[in-house]
Structure formats: C-alpha cells, structure tokens
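# A look at the structure
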Amino acid sequence: MPDIGQGGYDCHLHVIDPARFPYGPGPGYLPRAEEKGDAALLRETFAAHGIAGALLVQPSIYGTDNGCMLDAMARAEGAYRGIAVIAPDIEDDELDRLAAAGVVGIRLNAENLGAAVMLAARDLLPRLVERDWYIQVQVRATQLPDFAELLTSPIKPGATSRLIFDHLGFPEVERGVDDPGFQEVLRCGRERLALVKLSGAFRHSCQTFPHADLDPFAAALLEAFGPENCIWGSDWPFFGDTKPPYAATLAMLERWVPDPAARRQILIENPRRCFGLP
C-alpha cells in the first residue's frame, strides 16, 4: 500500500484519554477499550504514517468540556487545531480563550445528540460567523433539508466562515446519490458554502474494504465541492465494530483521488489555508 500521507494533515480524529480526563455525565457513547486513543498514541500513529498535524474534533463523550482536546493541542506545539463543542450561551471571553488555544470552529452533532443541538445553536451561529469560525455538522443527509436554512443563513457572501460536513455528508447508501438530502449536501458544495470531509467510509459502507459502494458518493462530492473544498480525515481511533488500519483510510483517499496534485491539495494545501496549520 503506497505511503501517501507524507506531510499531510488528518482533519478528523479524536483524542480519548479517560485515565487523565474521565468521561462526564450525559449523552454520548462510551468507548470500548480498543476505541480509546491518547495524545501519545496519536503521535506514534502520525509518525508511522508521515502525518504532519491535525484538526482534532471534540467527541460527544466529553460534552462541552474540551480539556482533553486542548491538552493534546498544547502538547503538539502548534501542529494541531481544534473543533470544539460549546454551550449555546458561551461568553465571548471563553470563545477568546478557545481561539487563543487553536480552536477554529465548533461541532454540532445531531447524529449522536439529537436535533435539539442544531436548534439551540440558532443564536450562536452569527457570533461564530463574525469570528470567521467553522461550523462543523454531523447530521445525516436525510435530515439536512430540515436544517439547511438554519445553517446557511448566517453565512454572509464572502465570509470565510463556512460549514464543514462530517464523513462524506453522512449519506445513506441504500438511498443512492439522488437522495434529496445528499443532493442538499452537493448544493452547498456547488454554492461554495461548505467543506466536506472525505472520511468515515467504514461507518457508512455496506461492504468490506475498499467500500466500493461509496465510490459514487465520493465522485459526486469531488465534482460538486472540487478538490479545493475537500479535506481528509481518518476518524481515528475508529469507533464501532469495524476498525480499519490507519493506512487503509489513506488508501481510500488515494483510490478516490488518483491525481497526486489534487491529493496534495486535499491533504496539505487546504488544511493549511483553511485552519492555519503550519
């Protein structure tokens, strides 16, 4: 398997360290032993695959306590940025503190926490747009039409803040590319309202690796968003029953994007441009 990760950035993964940062009460999954991954193991994984840095994502198990993620970012000495989970009524000084630590956006996780998190953020989103932050959403494509206006209306023409769609826009394979929800994802790409993460194939596929049933979805996303608005993520440390080798997630990108220049744009240039990674 060719090593294509040299110098690239992993833009979707989680740091999970219950030994130092115990899980808080509330909704969210509880990782199994093999689903944990602390900052030290992440550094080892990156070194083995030539990854230069990351966009960390706050997992639902920690709620709005971003301490574990912020600790990993501080240890990385500028090589990581973060997507936080915050309360809708967060104070401006706390937003300032997160920004100073390297946070560049927030995550709204309707898939794990329900639609209420989307609706509760209505008044928060314009504040984030003013800060040029990203609004990352994990929502099934079938649900997206219900939230499209809420998510896109605060985005002013020419604003640098945009949406980020997790995991290929969260398609449902059996519905096909023509599903109205997935078409809404593609519309946001064509209108340059969003980035999309080419990640999480093992989550959505009904087939074993190389998850060929997702190829039409990846092709449609690349056409609608263009390589300039795609980023890649591994989804390490891989939650669920299917736990791919890290290299297999890079191999998916290589198969979907065979052109080396386009892959470089997705792996290196876009993370630097969008998130200020070194």
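The rules we used
Residues numbered from 1 in each chain as written. Predicted model: local features only at pLDDT ≥ 70, side-chain atom pairs only at ≥ 80, totals over all residues. Heavy atoms only, no water. Helix = DSSP H or I, 4+ residues; strand = E, 2+ residues; numbered from the N terminus. Rg over C-alpha atoms; globule rule 2.2 N^0.38 Å. Buried < 20%, exposed > 50% of the residue type's maximum accessible area, 1.4 Å probe, protein only. Areas by Shrake-Rupley, 256 points an atom, 1.4 Å probe, with all protein chains shown as cover. Axes fitted to C-alpha atoms, helices over the stretch in contact; angles between N-to-C directions. Parallel < 35°, antiparallel > 145°, perpendicular 65-115°, else oblique. Left-handed = near helix turned anticlockwise from the far one by under 90°. Contact = heavy atoms within 4.5 Å. Pairing = 2+ DSSP bridges. 1 Å grid on protein atoms, 1.4 Å probe; cavity = no way out; pocket = protein on both sides within 12 Å on 5 of 7 lines; lining within 4 Å. Points joined across faces, edges and corners; volume = space filled by probe spheres on them. Nonpolar A, V, L, I, M, F, W, Y, C, P; charged D, E, K, R; others polar. Polar contact = N/O pair within 3.5 Å; in protein donor to acceptor, adjacent residues only side chain to side chain. Salt bridge = Lys/Arg side-chain N within 4 Å of Asp/Glu carboxyl O.

## Looking at the overall build of the protein chain
- Secondary structure summary: the protein chain contains 12 helices and 8 strands in total.
- The C-alpha radius of gyration computed for the protein chain amounts to 17 Å, which stays within 12% of the reference 19 Å derived for 278 residues, consistent with globular compactness.
- Across its three principal axes, the protein chain shows a C-alpha extent of roughly 45 × 40 × 35 Å.
- Out of the 278 residues belonging to the protein chain, those deemed buried represent 57%.
- For the protein chain, the accessible surface area stands at approximately 11400 Å², while carbon and sulfur atoms represent 52% of it.

## Considering the packing of helix H11 (residues 246-256) against helix H12 (residues 260-275)
- Contact geometry for H11 and H12: axes closest at 9 Å, N-to-C directions at 135 degrees. As far as their axial angle goes, H12 and H11 are oblique. Between H11 and H12 lies a crossing whose hand is right-handed. Listed contacts from H12 to Leu250, Leu253 and Glu254 of H11 are Arg263, Ile266 and Leu267.

## Here we look at the pairing of strand S3 (residues 80-84)
- Within S3, 5 of the 5 residues are buried, leaving the element largely enclosed by the surrounding structure.
- Burial of the side chains of S3 extends over both faces: Tyr80, Gly82 and Ala84 are buried on one face and Arg81 and Ile83 on the other.
- Strand direction decides the pairing type here: strand S2 (residues 51-57) and S3, joined by 4 bridges, are parallel. Residue Leu55 lies in a different strand from S3, and its bridge partner there is Arg81.

## Digging into the layout of surface pockets
- Approximately 320 Å³ is the volume attributed to the second largest pocket.
- Of all the secondary-structure elements, those providing two or more residues to the lining of the second largest pocket are strand S4 (103-109), helix H4 (110-113) and helix H9 (201-204).
- Here the lining of the second largest pocket gets 3 residues from one element, more than from any other, and that element is H9.
- Grouping the constituent residues of the lining of the second largest pocket by class yields 7 nonpolar, 8 polar and 7 charged.

## Quick word on the sheet that holds S2
- The 8 strands lie next to each other as S1-S2-S3-S4-S5-S6-S7-S8, forming an open sheet whose pairing is parallel. The open sheet terminates on both sides in strands that have one partner only, identified here as strand S1 (8-13) and strand S8 (230-232). When strand polarity is set aside, the average angle formed by the axes of neighbouring strands in this sheet is 25 degrees.
- Two elements, S1 and S2, share 4 bridges in a ladder whose sense is parallel.

## A word on the side chain of Gln138
- Of note, Gln138 is situated in strand S5 (residues 134-138).
- Overall, Gln138 belongs to the buried group, its relative accessible area being 1%.
- A polar contact of 3.1 Å, which involves the side chain of Gln138, links it to the side chain of Asn109.
- What Gln138 contacts, discounting residues up to four positions off in sequence, is Arg107, Leu108, Asn109, Ala110, Glu111, Asn112, Asp166, His167 and Phe170.

## Structural notes on the pattern of salt bridges
- Applying the stated rule across the entire model yields 19 salt bridges.
- The partner of Glu34 in a salt bridge is Arg32, and the shortest N-O contact between them spans 3.3 Å.
- Among the salt bridges present, the one from Glu172 reaches Arg175, with a minimum N-O distance of 3.5 Å.
- With a relative accessible area of 19%, Glu172 lands in the buried category.
- Each of Glu111, Arg140, Glu172, Arg175 and Asp179 takes part in one network of salt bridges that share partners.

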